[in-house]
Amino acid sequence: MFTRIIAIVAATLLCGCSGLATSTGDAAPTPFSLPAAHSNNAVAIAQGTNGPTLFSFNGLRGGKSHADISNAAFACAIMARRCDAIDDVPVPQGRLASVAVTLGLHIYVIGGYSVAKDGSEISEPEMHRLDPLTGDYERMADMPVPVDDAVAVAYKDRYIYLISGWHDKGNVVLVQLYDSKNDSWSRASDFLGPAVFGHAGGIIGGSILIADGVKILPEIEGAARFVPSNDVWRGDIDPANPARIVWRKVKPHPGAPLYRMAAAGSASRGQVIFAGGSDNPYNFDGIGYDGTPSAPSPAIFGYDFASDSWRAYAAMPTASMDHRGLLLSGDKAYIVGGMDGERSVIADIAKFTLTPVTANEKAKNKD
């Protein structure tokens, strides 16, 4: 993973900060925003002491330097419209590109990578389980193969699938299966697409969808070997054997492939919804591997399992990128933190309604 960081020491100089209060975390944030700006933060939604609550773990603070890698955690009650700090994730230093998933009554915070002062990186193996009602963490079984920038989905309130991602020096095709009943890991059917990091996805029932991310061209040296993948894969879980997944390639979504989108499965729509991200993969400072500053996408779209097709939604009110998940509650979608169009780390909690785009609107937009 060291090759993913071009200039960690110079990250602060490259940040392009806008000076807005919500982008630096230096000024008091509005009541319903994170107490401090965070990007690349693991997110989940669960029942807290004040009802449905958005949770944020780990990530990167506004300075975007080695010292700004965070293990902070926050709970944002939707009805109270208030965010509060909770106990930090119990790891010795901050984590980037970790992932969180709600399983039953608990939230599992998984993996991520740490960065040393010299810029070297290590994919970390730990998984912690948070009780959202008490705020207590419990260390669970470590991943067999530590990964970061992976996708995690929950199945049958018992299992977690951890799909592809980066391990120390490269991507892996592994699908690691966690059984919460036994606190144990096993290996499920490998991901059949190119191994990727920064991909996005979700699950509906027993069907998983994984889209985009960054693949590696092994024959090329340097930053140019990190290229976007426009592959989209559907995985159907064998009801009799959770370790068996039948993967098949599906049609790519409209537009360019995107990196670090926010995504989640929407059971009410029978779709996996994707929002934001960037068409130019980047280091954690927001500068692309090609040296060009990355820009966020405002696009929202969903993959419909019943029709095996893509559905368009009205664009995000404000484009953003560098996400680890999309959170859904009722008819509302939430994105917690991230980076804005100036590549500044933000504290904002974006709230929007998923509004389908009609055929007439699509035709009008083309004119």
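## A short note on the state of the cysteines
A covalent bond between the sulfur atoms of two cysteines is what we call a disulfide.
Step number 1: By the definition in use, this model includes one disulfide.
Step number 2: With its sulfur 2.0 Å from that of its partner, C76 forms a disulfide with C83. Taking the sign of the S-S torsion, about 115 degrees here, the bridge from C76 to C83 comes out right-handed.

## With respect to the pattern of salt bridges
Step number 1: What the rule picks out here adds up to 15 salt bridges.
Step number 2: As a salt-bridge pair, D149 and R324 come within 3.1 Å of each other at their nearest N and O atoms. Of this pair, D149 sits in the loop between β10 (137–139) and β11 (151–155) while R324 sits in the loop between β26 (309–313) and β27 (327–329), and the two are 175 residues apart along the sequence.
Step number 3: Residue class for D149 comes out buried when judged on its relative accessible area of 0%.
Step number 4: For R324, a relative accessible area of 11% corresponds to the buried category.
Step number 5: Between D190 and R187 there is a salt bridge, with its nearest N and O atoms 2.9 Å apart.
Step number 6: What makes D190 partly exposed here is its relative accessible area of 26%.
Step number 7: Of the residues examined, R187 reaches a relative accessible area of 55% and is grouped as exposed.

## Description of the pairing of β26
Step number 1: Pairing geometry for strand β25 (residues 300–304) and β26, over five bridges, is antiparallel. Looking at the pairing, I300 lines up with Y313 of β26.
Step number 2: Between β25 and the antiparallel strand that follows it, β26, lie four residues; D308 among them carries a positive phi value of about 55 degrees.

## Notes on the sheet that holds strand β16 (residues 184–188)
Step number 1: Pairing in this open sheet of four strands is antiparallel, and the strands run β11-β12-β15-β16 from one edge to the other. Both outer strands of the open sheet, β11 and β16, are each paired with one neighbouring strand and no more. Direction aside, neighbouring strands of the sheet carry axes that sit 25 degrees apart on average.
Step number 2: Relative to strand β12 (residues 159–163), β11 is paired through five bridges, and the arrangement is antiparallel. The residue bridging V153 from the neighbouring strand is Y161, located in β12.

Cut-offs used in this document
- Within every chain, residues take consecutive numbers counted from 1 along the sequence as written.
- Selection of residues for local features in this predicted model requires a pLDDT of at least 70, selection of side-chain atom pairs for listing and counting requires 80 or more, and totals for whole chains, interfaces and linings are taken over all residues.
- Side-chain measures here rest on the full set of heavy atoms in the structure, leaving out hydrogens and waters.
- When two cysteine sulfur atoms are found within 2.5 Å, that pair is recorded as a disulfide.
- A side-chain nitrogen of Lys or Arg and a carboxyl oxygen of Asp or Glu constitute a salt bridge if their distance falls within 4 Å.
- Only DSSP runs of H or I reaching four residues or more are called helices, and only runs of E reaching two or more are called strands; each is numbered from the N terminus.
- Whether a residue is buried, partly exposed or exposed follows from its accessible area with a 1.4 Å probe, protein chains only, as a fraction of its type maximum: under 20%, in between, or over 50%, in that order.
- Pairs of strands are assigned from DSSP output, requiring at least two bridges between the strands.
- Fitting a line to C-alpha atoms yields each axis, with helices limited to the stretch in contact; the angle taken between N-to-C directions then spans 0 to 180 degrees.

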